[in-house]
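Chain by chain, the residues:
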Amino acid sequence: MPSKPRLGVVIKRTVPIRLYPLTKYFKNLEKVDALRDVFGDQTEDVLKRTMVEFYSSRWGYMGVNDEDGHILISAHHMKHSPLRTLYLDIIHELFHIRQRMDGRKLFLDEFGYFDSPIEIEAYEFTIKEARRIGMSDREIAEYLEVPWADKKDLAKFIKRLKLKV
Ligand SMILES: [Zn+2]
């Protein structure tokens, strides 16, 4: 039996991931009442220890790594999305950090994205903040529109969140 040819290539599979303090890129979040409501006395501590990873892809927005709770952000999103979108996204992700601190699993295999109780709670929280900063229901619905979303699922989701559009 011939043996399999060896690749002869060595790959070091454990690669460094650079993390930066969230507060280096997002300032004054501790002044946001909605976040103070969620984190209370721990607000400053949580913000101070939350780390972010930037990845250089045109695709994607923000997300939380559920292994260690750092936030992933597309550098393209950071650079090109409206300020208001980035603000609401970080509010949303920080709500996930709270859920994680409470021992909850962020990714639930049994639910699709728009049906996940984790996401519904995070969006309800985000929408409250969006209204506070003066966004109309139509603007909020536009904010929710992402290219990868199934149109029907999104319409159902918008209804579920009681947005009047
Ligand atoms: Zn989310």
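Structural data are supplied above this passage.
In this text, all values refer to a predicted model and were calculated from it rather than measured experimentally.

Peer 1: Any chance you could explain the overall build of the protein here in plain terms?
Peer 2: Assigned secondary structure in the protein consists of eight helices and four strands. Moving toward the C terminus, one meets the helices and strands of the protein in the order β-α-α-α-β-β-β-α-α-α-α-α. Overall, the protein is about 70 × 40 × 35 Å in size when its C-alpha atoms are taken along their principal axes. For the protein, the share of sequence-separated contacts (at least 6 apart) that also reach a separation of at least 24 residues comes to 58%. Summed over all atoms, the accessible surface of the protein reaches about 11300 Å², with 53% contributed by carbon and sulfur. Across the protein, 29 positive and 26 negative side-chain charges occur, with their mean positions spaced 5 Å apart.

Peer 1: Would you take a moment to explain the nonpolar core for this structure?
Peer 2: Across soluble globular proteins, nonpolar side chains have a tendency to be buried as a group. Counting 45 residues, the largest nonpolar core has Leu29, Leu94 and Leu144 as its most contacted members. Secondary structure elements with two or more residues in this core: helix 2 (33-39), helix 3 (43-49), strand 3 (62-64), strand 4 (71-74), helix 5 (83-101), helix 6 (117-132), helix 7 (137-144) and helix 8 (151-160). Examining the composition of this core, we find that eight residues originate from one element, helix 5, more than from any other. When near neighbours in sequence (up to four residues on either side) are disregarded, Leu94 contacts Leu22, Leu29, Leu35, Phe39, Leu47 and Ile71.

Peer 1: Whenever I open this one, a nonpolar patch on the surface confuses me. Can you help?
Peer 2: Together, Leu7, Val9 and Ile11 give the surface a local cluster of nonpolar side chains, amounting to about 380 Å² of exposed area. If you trace the backbone, Val9 turns up in the segment before strand 1 (20-21).

Peer 1: Could you clarify how one ought to interpret the sheet that holds strand 3 in this entry?
Peer 2: Strand pairing in a sheet takes place through backbone hydrogen bonds and is either antiparallel or parallel in direction. The four strands are arranged 1-2-4-3 in an open sheet whose pairing can be described as mixed. The sheet is open, and its two edges are formed by strand 1 and strand 3, each paired on a single side. Bridging between strand 2 (residues 51-55) and strand 4 involves four bridges; their strand directions are parallel. Within strand 4, the residue paired with Tyr55 across the bridge is Ser74.

Thresholds, definitions, all that
All residue numbers here refer to positions counted from 1 along the written sequence of the relevant chain. Whole-chain, interface and lining totals are the exception, using all residues; otherwise, since this is a predicted model, local features are given only for residues with pLDDT of at least 70 and side-chain atom pairs are given and counted only at 80 or more. Excluding hydrogens and water, the side-chain figures rest on all heavy atoms present in the structure. Working definition: helices are DSSP H or I runs of at least four residues, strands are E runs of at least two. Numbering for both runs from the N terminus. Contacts: residue pairs with any heavy atoms within 4.5 Å of one another. Residue exposure ignores everything except the shown protein chains as possible cover, and the areas themselves are Shrake-Rupley values with a 1.4 Å probe. A residue counts as positive if it is Lys or Arg and as negative if it is Asp or Glu; His and the chain ends are not included. Here the site of a charge means atom NZ of a Lys, CZ of an Arg, CG of an Asp or CD of a Glu. Within this scheme, the nonpolar core is defined by two criteria: the residues are buried Ala, Val, Leu, Ile, Met, Phe, Trp, Tyr or Cys, and they are joined through side-chain atoms within 4.5 Å. Burial status follows relative accessibility: with a 1.4 Å probe on protein chains alone, a residue under 20% of its type maximum counts as buried, one over 50% as exposed, and anything between as partly exposed. Residues qualify for a patch when their relative accessible area is over 30% and they have no salt bridge, like charges being joined within 9 Å and the nonpolar side chains of Val, Leu, Ile, Met, Phe, Trp and Tyr within 5 Å. Put simply, a salt bridge is a Lys or Arg side-chain nitrogen that is within 4 Å of an Asp or Glu carboxyl oxygen. By this definition, two strands are paired if DSSP reports at least two bridges between them.

Honestly, it's all geometry; don't read function into it.
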